[in-house]
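# Commentary on secondary and tertiary structure
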Amino acid sequence: MSEVLVLVDHVDGAVKKPTYELLAIAKRLGSPSAVFIGGADKAAGAAADLAKFGAEKVYAIDDAEVKGFLVAPKAEALQQVAQAASPAAILIVSTAEGKEIAGRLAIKLGSGLITDAVDVDADGTTTQSVFAGSYTVKAKVTTGTPIITVKPNSAAAEEGAGAGAVEQFAVTISDAAKAARIVASNPRAASGRPELSEAAIVVSGGRGTGGDFTAVEGLADALGAAVGASRAAVDSGWKPHNLQIGQTGKVVSPQLYVAAGISGAIQHRAGMQTSKTIIAVNKDEEAPIFELVDFGVVGDLHSVLPAVTAEVEKRK
Ligand code: FAD
């Protein structure tokens, strides 16, 4: 069975959940092999985690040549693994970095590229949700090794032991790929909540919060969810732009999306309407958000959300 390469998305060796989702998709297409680019000391731990989610093989690339540079060296490293392994497909998480690596890799391999897939069938046919979710497009790469970036939460991660055989893979990175160096990298203070674009549950607040996100954050914490915001809330300075959901913010596709005090403008929908289940809480029963919800509550979010939070806590 042909290998299917999955580029591992990780922070200091801690593998992020969307990588496990890609391993589940890779199993449909062939034999999943993970490509880990990181410190040699991190590779063994990561490989053990990747094996638990089905990786048969882990290509460990020491990041000595890659660290401190922008994405170009990662694309070259992945190109060299692809040339050695001749995989049936290459899967990458749809992050800004993942998509840049995918684009560069497609040029290098002369392959077709599909970005932002929300599903991939066993025959490589992908599904994309486009034009703010108004259309579903089925597409398939017809040239070279299919390179597909897949949005987080597009598949369930599947536990199932793979061999996880680690192969140290030496790469040679060109000077051209090392033309831009990172001069500073300051991580944002951790909120303790899951990363917005990969959270299984997102609770978002809009102008209807009046700037008081206590109820929104209370429910998010009870559910182990990420907090999101509409542009009105961000423009008002209540939440930072990295929490904005929508056309000019992040696109999320969680299992559950709760919109509180958000009217449901088309630009907001563009960022959340592929969520599996949508719940809205809004004072106005005519609010457009109610057109796309699975469950709607007409009421004041400052009383509805705390009641739900109390109920969730009671059932824990
Ligand atoms: P509003 O539309 O003002 O809605 C507030 C809602 O809260 C109302 O429905 C009201 O009934 C309800 N409410 C009030 N008080 C309560 C209460 N106590 N309890 C419950 N409900 C209450 N918007 C985005 O969100 N993301 C984007 O990325 C984005 N990109 C844009 C790009 C462009 C080019 C443009 C033109 C606009 C964009 N917008 C975006 C803005 C978008 O058009 C809306 O203006 C915005 O989404 C409105 O935010 P809102 O729903 O929070 O506010």
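These numbers come from a predicted model, not from an experiment.

## Quick notes on the pairing of strand β5 (residues 57–62)
Taken together, the six bridges between strand β4 (residues 31–38) and β5 define a ladder with parallel strand orientation. Looking across to β5, one finds that V35 is bridged to Y59. A crossover links β4 with its parallel partner β5, the connecting element being helix α2 (residues 40–52), and its sense is right-handed.

## Observations regarding the sheet that holds β5
Taken in spatial order, the nine strands line up as β9-β8-β7-β10-β6-β1-β4-β5-β11 in an open sheet, and their pairing is mixed. Each end of this open sheet is capped by a strand with a single partner; those strands are β9 (135–139) and β11 (165–168). The average angle at which neighbouring strand axes cross in this sheet is 35°, direction not considered. Direction of pairing for β5 relative to β11: parallel, over a ladder of four bridges. Bridge assignment links V58 to a residue of β11, and that residue is V166. Relative to β4, α2 is tilted by about 155°, and along the sheet it contacts β4, β5 and β11. Those strands touched by helix α3 (residues 72–85) are β1 (3–7), β4, β5 and β6 (89–93), and its axis lies near 170° from that of β1.

## Things to note about the domain arrangement of the protein chain
Here the protein chain is partitioned into domain 1 (3–178) and domain 2 (201–315). Distance between the C-alpha centres of domain 1 and domain 2: 32 Å. Contacts between the two partners involve seven residues from domain 1, matched on the other side by seven residues from domain 2. One can count zero salt bridges joining domain 1 with domain 2. Here domain 1 is connected to domain 2 by one residue pair in polar contact (both at pLDDT 80 or more). Residues that form the side of domain 1 that touches domain 2 fall into these classes: two nonpolar, four polar and one charged.

What counts as what
Residues numbered from 1 in each chain as written. Predicted model: local features only at pLDDT ≥ 70, side-chain atom pairs only at ≥ 80, totals over all residues. Heavy atoms only, no water. Pairing = 2+ DSSP bridges. Helix = DSSP H or I, 4+ residues; strand = E, 2+ residues; numbered from the N terminus. Right-handed = clockwise from strand over helix to strand, strands pointing away. Axes fitted to C-alpha atoms, helices over the stretch in contact; angles between N-to-C directions. Contact = heavy atoms within 4.5 Å. Domains from an automatic or database assignment. Salt bridge = Lys/Arg side-chain N within 4 Å of Asp/Glu carboxyl O. Polar contact = N/O pair within 3.5 Å; in protein donor to acceptor, adjacent residues only side chain to side chain. Nonpolar A, V, L, I, M, F, W, Y, C, P; charged D, E, K, R; others polar.

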